[in-house]
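These are the residues of each chain, in order.
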Amino acid sequence: MHETTTLLIELGAIILGLGLIGRFAGRIGLSPIPLYLLVGLAFGAGGLLPLSASEDFIAVGAEIGVILLLLLLGLEYSASELVGSLKTQYPSGAVDFVLNAVPGAVAALLLGWGPVAAVALAGVTWISSSGVIAKVLTDLERLGNRETPVILGILVMEDLAMAVYLPLLTALLAGVGLAGGSITLMIALGTVGIVLYLALRHGRLISRAVSSDNPEMLLLVVLGLTLLVAGVAQELQVSAAVGAFLVGIALSGEVAEGARKLLTPLRDLFAAVFFVFFGLSTNPSDIPPVLLPALLLALVTTATKIATGWYAAGRAGIGPRGRLRAGGALVARGEFSIVIAGLAVASEPRIGPIATAYVLILVILGPLAARWAEPCLVRLYEARKPQHAVDEAGCERPDGAEESVRLDKEGAEVREGGDRTPTAQGEPA
């Protein structure tokens, strides 16, 4: 069979299969990411039916998938929102980093993988999945909850930190010394600072230069600009993904909205190809030996993410139930963990299997934690505390009344158990 014919057949079968898998995942309320990874495992080296002709095309598509993931993420935020998050959420961001990056680094060192692998695995365990979390919050109808801005603030901090972390990781993986790594980091910080300044001061001019009433022209200009900047960033060892993220930040208003609508289907296609490619690069036989470490790491970082949400929501004055909801929502890992592992796997192949197993576990456990962390932990707490408390007048009251009274003083109506409900002014729950 001609090579081109084989390529078309393989690509057609993969894309059709991904579409059917995505529909199935949507019907059962599951993120399609773990299923995409399983497809890659099935058709990679050591899988059921290894691919040959389409492997190079899928590798290029995976690169484009990472770039589009970060571009669309950047389009979600304006420069002013990022600066505002830095000012208000930096303590929560620091706690998030310490609680969730340290377990990954410690695990890599305990496994004897060395400091560079420790930096890479720290990123895998640190960054939550914005895509999975956004979908979960939508499905659970929590976009109007009081804790949701806190969750989004944590995600923004993580995404902005990627602009510094990815260039540093790239330099370390390339074997650059301390001096070279410092130069790369300074270039990354300088680039981020310049882009934020231009976006804040001259964002309208940049958007106007890119803007077009013709959807075709807008798509070509934005996509071409993004690929060009990503390539230049890669040459400077700042990471193509970071370059794409900065392009997204620089665009705003109607241009960002129009580009988002045009590029979302492309992102979904190439992001699926990216997850398949990562699965292709992992031998399924390498996963069973690391399944137990991955499971232990997943359980530890589930607890640390819940603790992160508890702390961050507490700083915003949110009650215990909302704090548990915030923590449970942050548990999911996904695209960014795979992006980081994908960068590291060329230099440290052992990261691939454990990252795959880790993401498979948490992309399934994450939505469950978002849904059940609050009711399960509240029940556990209430089962251990006394059945009745005594108020200042010496009268008994049911559990949770103290929280209800405190929330009432804040001017909000209260449901049973102390949850807030929307006020007459439309304050979100």
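Everything discussed here concerns the structure shown above.
The structure contained in this document is the topic of the report that follows. Model, not experiment: these values are computed from the prediction. (Residues numbered from 1 in each chain as written. Predicted model: local features only at pLDDT ≥ 70, side-chain atom pairs only at ≥ 80, totals over all residues. Heavy atoms only, no water.)

**Some remarks on the environment of Lys305**
Mapped onto the secondary structure, Lys305 falls in helix H12 (residues 291-315). Considering only alpha carbons, one finds Lys305 and Leu99, 206 residues apart in sequence, at a separation of 7.5 Å. With sequence-adjacent residues up to four places away left out, Lys305 is seen in contact with Asp96, Asn100, Trp126, Ser128, Glu158, Gly327, Leu330, Val331 and Arg333. Looking at Lys305, its side chain comes within polar contact range of the main-chain oxygen of Trp126, at 2.9 Å. One polar contact links Lys305 to Glu158, side chain to side chain, over a distance of 2.6 Å. (Helix = DSSP H or I, 4+ residues; strand = E, 2+ residues; numbered from the N terminus. Contact = heavy atoms within 4.5 Å. Polar contact = N/O pair within 3.5 Å; in protein donor to acceptor, adjacent residues only side chain to side chain.)

**Digging into the packing of aromatic side chains**
Inspection of the entire model under this criterion finds two aromatic pairs. Ring geometry for Phe97 and Trp126: centres 4.9 Å apart, planes at 75°, overall edge-to-face. With a gap of 29 residues between them, Phe97 in helix H4 (residues 79-110) and Trp126 in helix H5 (residues 115-126) connect regions that are remote in the sequence. Residue Trp126 is classed as buried on the basis of its relative accessible area of 8%. Each residue in the set Phe97, Trp126 and Tyr165 is aromatic and connected to the rest through ring pairs, giving one cluster. (Phe/Tyr/Trp six-rings, centres within 6.5 Å; stacked < 30°, edge-to-face > 60°. Buried < 20%, exposed > 50% of the residue type's maximum accessible area, 1.4 Å probe, protein only.)

**Here's the deal with the nonpolar core**
Nonpolar side chains in soluble globular proteins generally cluster together in the buried interior. Membership of the largest hydrophobic core comes to 118 residues, with the highest contact counts inside it found for Leu70 and Leu71. For Leu71, the contacting residues outside a window of four places in its chain are Val222, Thr226, Ala244, Phe245, Val247, Gly248 and Leu263. (Core = buried A, V, L, I, M, F, W, Y, C linked by side-chain atoms within 4.5 Å.)

**Side note on the layout of surface pockets**
Computed from the structure, the largest pocket encloses a volume of approximately 810 Å³. Around the largest pocket sit 32 residues that line it, and Ser130, Gly131, Val132, Arg267 and Glu335 are the ones nearest its centre. Residue assignment for the lining of the largest pocket shows that the elements contributing at least two residues are helix H2 (33-43), helix H3 (55-75), helix H6 (130-139), helix H7 (148-173), helix H11 (253-280) and helix H14 (335-344). For the lining of the largest pocket, the element with the highest residue contribution is H6, accounting for eight residues. When the residues that make up the lining of the largest pocket are grouped by side-chain class, the tally is 19 nonpolar, six polar and seven charged. (1 Å grid on protein atoms, 1.4 Å probe; cavity = no way out; pocket = protein on both sides within 12 Å on 5 of 7 lines; lining within 4 Å. Points joined across faces, edges and corners; volume = space filled by probe spheres on them. Nonpolar A, V, L, I, M, F, W, Y, C, P; charged D, E, K, R; others polar.)

**Overview of H14**
Among the 10 residues in H14, eight count as buried, and that is most of the element. Taken residue by residue, H14 has Glu335, Phe336, Ser337, Ile338, Val339, Ile340, Ala341 and Ala344 as its buried positions.

**Thoughts on the packing of H3 against helix H9 (residues 215-235)**
Between H3 and H9, the shortest axis-to-axis distance is 11 Å and the interhelical angle comes to 110°. Relative to H9, H3 is oriented roughly perpendicular. Handedness of the crossing formed by H3 with H9: right-handed. Facing Ile67, Leu68 and Leu71 of H3, the residues of H9 in contact are Val222, Leu223, Thr226, Leu227 and Ala230. Within the contact of H3 with H9, the residues separate by chemical class into seven nonpolar, one polar and no charged. (Axes fitted to C-alpha atoms, helices over the stretch in contact; angles between N-to-C directions. Parallel < 35°, antiparallel > 145°, perpendicular 65-115°, else oblique. Left-handed = near helix turned anticlockwise from the far one by under 90°.)

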